[in-house]
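Coordinate analysis (summary)
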Amino acid sequence: MALARVFIANRGEIAVRVVRACRALGLECVVGASQIDMDGMAAELADRVICIGPAAATDSYLRPELVVQAALGTGCDAIHPGYGFLAENPRLSGLAAENGIRFVGPPPEVIELAGDKLRAREAALEAGLPVVPGGEVATREEAEAFAAESGYPLLLKAAGGGGGRGIKLAHAPEDLASLFHVAVAEARAAFGDERVYVERYVADARHVEVQVAADDHGNVVHLGERDCSVQRRYQKLIEEAPAPFLSADTRDALTAAGVAFARAIGYRNLGTVEFIVDAAGGEFFFLEMNCRIQVEHPVTEAVTGRDLVAEQLRIADGEPLSFAQDDVTFDGHAIECRLVAEDASRGFAPSPGRLTRFAVPEIDGLRVDTHCRDGALIPPHYDSLMAKLIGHARDRDEAIEIVHEALERLEAEGVETNRGLLAAVLDHPDFVHGRVTTRWLEEAEDGRSPSGQARPEVERPNQSAGLEAPRR
Amino acid sequence: MALSDDDVREVLRLIDESDLDELLIETDGFSLHVLRGAAEATGHRPQATGQTPDTRDSIPDTQSSNGATIDAPMLGTFYRAEAPGASPFVDVGTRVSPDTTVCLIEVMKMMNSIPAGIEGTIVEVCADNAALVEFGQPLFRIEPA
């Protein structure tokens, strides 16, 4: 390998994960930490830590020029951005390249294309992928004309959004009338890009995404798919691989579409092509592409037996993929739960603080990716992810059992967590039987029946808290 | 791979934390010879506080010294002068007021003037010219007026 030293421009569990991948490849690593993360686990495990700025992410983790300066000054020859923060920032990718440093991710023009949701839609269409009916609308009248043709409900989305941000749902003409200008104003304010587009709303949809890998030598492969339908406000809570209850034909078509899209846009490194799959018919549509390692990559690692972060580093080094499509095989089923510091009694508001106790049980088939330990700080400045609990077993039921047991035996004191909610979802017959769509969790929490059908009830303390589990 | 100035400083820090008394590193076109205790033997730069110099004081402990520090307000490359060869903005003994420029910190070719932020006399320059400094790293020790 030509790479010798990797700069890790991230924090929390993913920084720890990248340190481990560097170790596996015999690479040195330098963690660029904010002041508040200087005694974190990643900082401790790395060969070196350097303070890139104060706790506020806007003055540290979100500053491409500080990251590149720090990487240069510490003699690093690659920058791994993790996920979030600058992971999909074309400026970091470009600035690194200008300074002779490998960016562990795609080149800036690819990030820009994928980040522009309208251009990505067009690229998907050109590549022959099904996209949700819709398109750019410059005026309210254009949006209304689309609605008249395709009906309600529909989604108004910001071209500069993505990842669940910048989305509005219109159920009826009066919604559209009031939401259109709000959507444009918000798009301008939040993303600096006032373009919006409309899409037909697929009500009962599953979120299924395809993991792809592409090297500098024209090789593009997929590593199967993941189902991430258990979400709240478009944020994922539980993910699994393979996607349950998906027909073999749909699976093959999805993974082929993921590869086709990555190839069409000249994608490099690891990425994820997201789709929504109509729960009833199995029809699927392209949603967007994420140009980074995903939070939920461990479920794919579990079923494929491959180290995806190490593969990212090899690709960034210019090596060809270490495997061909035919070498990718799938073994068993894996489920990941995201343990976050949130207070269920306060509407799942973040619950930052210092962990007085944190310990995870040892269970066969359980992997835990975390930066938490006794005394670890969950700062209020960043997302509240504490740990990812990944269960891998021969089948889905056993994988569920593993993560369930892990949640029960986990010790976490000092902050509130969502463990009760996670356990309640795993227990729920809708989850067990694969009847979960992306709206399911929010509707179940509201005590509504998502499908409108009678369904088995979880024990509920009251009618308005369908999924509230006993607090621990 | 060539070692940067920063690598050398890191090597020194590791040695400081080890039990080694002497270390010789030789690679292609590069050698580094470190001898512990040599500084004391040859006379360490006297310190204003008159305390025995700690061999680990590359980052001085602000609490044990009477005086304050001017810390790096951002990560970047530390420059003591406006241009190579120019005289430094400040040196040991310079009296500064809060708005006196004490150094530049470069971040991706952007030069940031760093004001003292305090009135007093510089008693120590704690960072090397053209070296990478971290956010919060002490750059100067100062005797407040």
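Residues numbered from 1 in each chain as written. Chains lettered and ligands numbered in written order. Predicted model: local features only at pLDDT ≥ 70, side-chain atom pairs only at ≥ 80, totals over all residues. Heavy atoms only, no water.

Concerning the sheet that holds strand 22 (residues 385-393) of chain A
All names here are of chain A.
- With antiparallel pairing, eight strands are arranged side by side in an open sheet as 14-13-10-11-12-15-22-20. Both edges of this open sheet fall to strand 14 (284-290) and strand 20 (366-370), since each of them pairs with a single strand only. Across the sheet, the mean angle separating the axes of adjacent strands is 25° when strand polarity is ignored.
- Where strand 10 (residues 205-214) and strand 13 (residues 269-278) come together, 10 bridges link them in antiparallel fashion. Across the sheet, residue Val210 finds its bridge partner in strand 13, namely Val273.
- Here helix 10 (residues 297-304) sits on the sheet and contacts strand 10, strand 11 (220-232), strand 12 (235-241), strand 15 (333-340), strand 20 and strand 22; the angle it forms with strand 15, its principal contact strand, is near 155°.
- Across the sheet, helix 11 (residues 308-316) is in contact with strand 10, strand 11 and strand 13; its angle to strand 13 comes to roughly 125°. (Pairing = 2+ DSSP bridges. Helix = DSSP H or I, 4+ residues; strand = E, 2+ residues; numbered from the N terminus. Axes fitted to C-alpha atoms, helices over the stretch in contact; angles between N-to-C directions. Contact = heavy atoms within 4.5 Å.)

Focus on the packing of aromatic side chains
All names here are of chain A.
- Going through the model one piece at a time under the given rule, you end up with seven aromatic pairs over all chains.
- Geometrically, the ring pair formed by Phe261 and Phe286 is tilted, given 4.6 Å between the ring centres and 40° between the ring planes. Here Phe261, found in helix 9 (residues 248-264), pairs with Phe286, found in strand 14; they are 25 residues apart in sequence, far enough to count as distant.
- On the accessibility criterion, Phe286 (1% relative accessible area) is buried.
- Geometrically, the ring pair formed by Phe275 and Phe286 is edge-to-face, given 6.4 Å between the ring centres and 80° between the ring planes. (Phe/Tyr/Trp six-rings, centres within 6.5 Å; stacked < 30°, edge-to-face > 60°. Buried < 20%, exposed > 50% of the residue type's maximum accessible area, 1.4 Å probe, protein only.)

Here we look at the nonpolar core
- Among the nonpolar cores identified, the biggest contains 109 residues, and Phe7, Ile79 and Phe261 of chain A together with Phe140 of chain B are the most heavily contacted of them.
- With seven residues, helix 1 (residues 12-25) of chain A is the largest single contributor of residues to this core.
- Apart from the residues within four sequence positions on either side, Phe7 of chain A is in contact with Val30, Gly32, Ile50, Ile52, Val67, Ala70, Ala71, Thr74, Cys76, Ala78, Ile79 and His80 of chain A. (Core = buried A, V, L, I, M, F, W, Y, C linked by side-chain atoms within 4.5 Å.)

Focus: the interface of chain A and chain B
- Listed per partner, the contact involves 22 residues of chain A and 15 residues of chain B.
- Together, Arg48, Cys51 and Gln69 of chain A form the three largest contributors to the area buried by chain A at its contact with chain B, with a combined 35%.
- Taken together, the connections running from chain A to chain B amount to zero salt bridges.
- For the side of chain A that touches chain B, the secondary-structure elements that each account for two or more residues are strand 3 (48-53) and helix 3 (64-73) of chain A.
- It is helix 3 of chain A that contributes the most residues to the side of chain A that touches chain B, seven residues altogether.
- Residue composition of the side of chain A that touches chain B, by class: 12 nonpolar, six polar and four charged. (Buried area = accessible area lost by both parts, 1.4 Å probe. Salt bridge = Lys/Arg side-chain N within 4 Å of Asp/Glu carboxyl O. Nonpolar A, V, L, I, M, F, W, Y, C, P; charged D, E, K, R; others polar.)

Regarding the sheet that holds strand 9 (residues 196-200) of chain A
Residues and elements named next belong to chain A.
- The strand order across the open sheet built from four strands is 6-9-7-8, with neighbouring strands paired in antiparallel fashion. Looking along the sheet, the strands with just one partner apiece sit at the ends: strand 6 (134-137) and strand 8 (165-170). When the angles between neighbouring strand axes are averaged without regard to direction, this sheet yields 25°.
- Where strand 7 (residues 154-162) meets strand 9, five bridges bridge the pair, whose relative direction is antiparallel. Residue pairing in the sheet places Ala158 in a bridge with Val196 of strand 9.
- The sheet strands contacting helix 7 (residues 140-150) are strand 6, strand 7 and strand 9, and the helix crosses strand 9 at an angle near 10°.
- Against the sheet, helix 8 (residues 173-191) contacts strand 6, strand 7, strand 8 and strand 9, and its axis sits at roughly 180° relative to strand 8.

As for a negative patch on the surface
Residue and element names in this part refer to chain A.
- Taken together, Glu122, Glu126, Glu136, Glu141 and Glu142 make up a surface patch of like negative charges.
- The set of elements that each furnish at least two residues to the negative patch consists of helix 6 (117-126) and helix 7.
- Here Glu142 is to be found in helix 7.
- On the basis of relative accessibility, which here comes to 39%, the residue Glu142 falls in the partly exposed class. (Patch = residues over 30% accessible without salt bridge, like charges linked within 9 Å, V, L, I, M, F, W, Y side chains within 5 Å. Areas by Shrake-Rupley, 256 points an atom, 1.4 Å probe, with all protein chains shown as cover. Lys, Arg positive; Asp, Glu negative; His and termini not counted. Charge placed at Lys NZ, Arg CZ, Asp CG, Glu CD.)

Here's the deal with unusual backbone geometry
- With an omega of -5°, the peptide bond between Tyr152 of chain A and Pro153 of chain A qualifies as cis.
- Looking at the element boundaries, Pro153 of chain A is found in the loop between helix 7 and strand 7.
- For Phe85 of chain A, which is not glycine, the phi dihedral falls at a positive 40°.
- Structurally, Phe85 of chain A can be placed in the loop between strand 4 (78-80) and helix 4 (90-98).
- Residue Phe85 of chain A is classed as partly exposed on the basis of its relative accessible area of 28%.
- The residue Lys109 of chain B is not glycine, and still its phi comes out positive at about 70°.
- Structurally, Lys109 of chain B is set in the loop between strand 6 (101-107) and strand 7 (110-115).
- A relative accessible area of 66% places Lys109 of chain B in the exposed class.

Thoughts on the pairing of strand 1 (residues 5-8) of chain A
All names here are of chain A.
- Burial along strand 1 is two-sided: Arg5 and Phe7 and Val6 and Ile8, pointing in opposite directions, are all buried.
- Pairing analysis gives four bridges linking strand 1 to strand 2 (residues 28-34), with the strands arranged parallel. Directly across from Val6, in strand 2, lies its bridge partner Cys29.
- On the question of chirality, the crossover connecting strand 1 to the parallel strand 2 by way of helix 1 is right-handed.
- In this structure, strand 1 lies alongside strand 4, joined through three bridges in parallel fashion. Looking across to strand 4, one finds that Ile8 is bridged to His80. (Right-handed = clockwise from strand over helix to strand, strands pointing away.)

Some words on the confidence of the model for chain A
Residue and element names in this part refer to chain A.
- With 95% of its residues at a pLDDT of 70 or more, chain A has an overall mean of 92.
- Long-range and interchain partners of residues 449-466, a stretch whose pLDDT sits below 50, account for 29 contacts in this model, where long-range means more than four residues apart.
- Scored below 50 in pLDDT, residues 468-472 shows 11 contacts in the model against residues more than four places distant or in partner chains. (pLDDT = per-residue confidence, 0-100.)

A look at the packing of helix 1 of chain A against helix 11 of chain A
Residue and element names in this part refer to chain A.
- Relative orientation of the contacting elements helix 1 and helix 11 amounts to 65°, with a least axis distance of 9 Å. Classified by the angle between their axes, helix 1 and helix 11 sit roughly perpendicular to one another. Here the hand of the crossing between helix 1 and helix 11 comes out right-handed. Where helix 1 approaches helix 11, its residues Arg17, Val18, Ala21, Cys22 and Leu25 are matched on the opposing element by Leu308, Val309, Ala310, Leu313 and Arg314.
- Of the residues that constitute the contact of helix 1 with helix 11, the class distribution is eight nonpolar, no polar and two charged. (Parallel < 35°, antiparallel > 145°, perpendicular 65-115°, else oblique. Left-handed = near helix turned anticlockwise from the far one by under 90°.)

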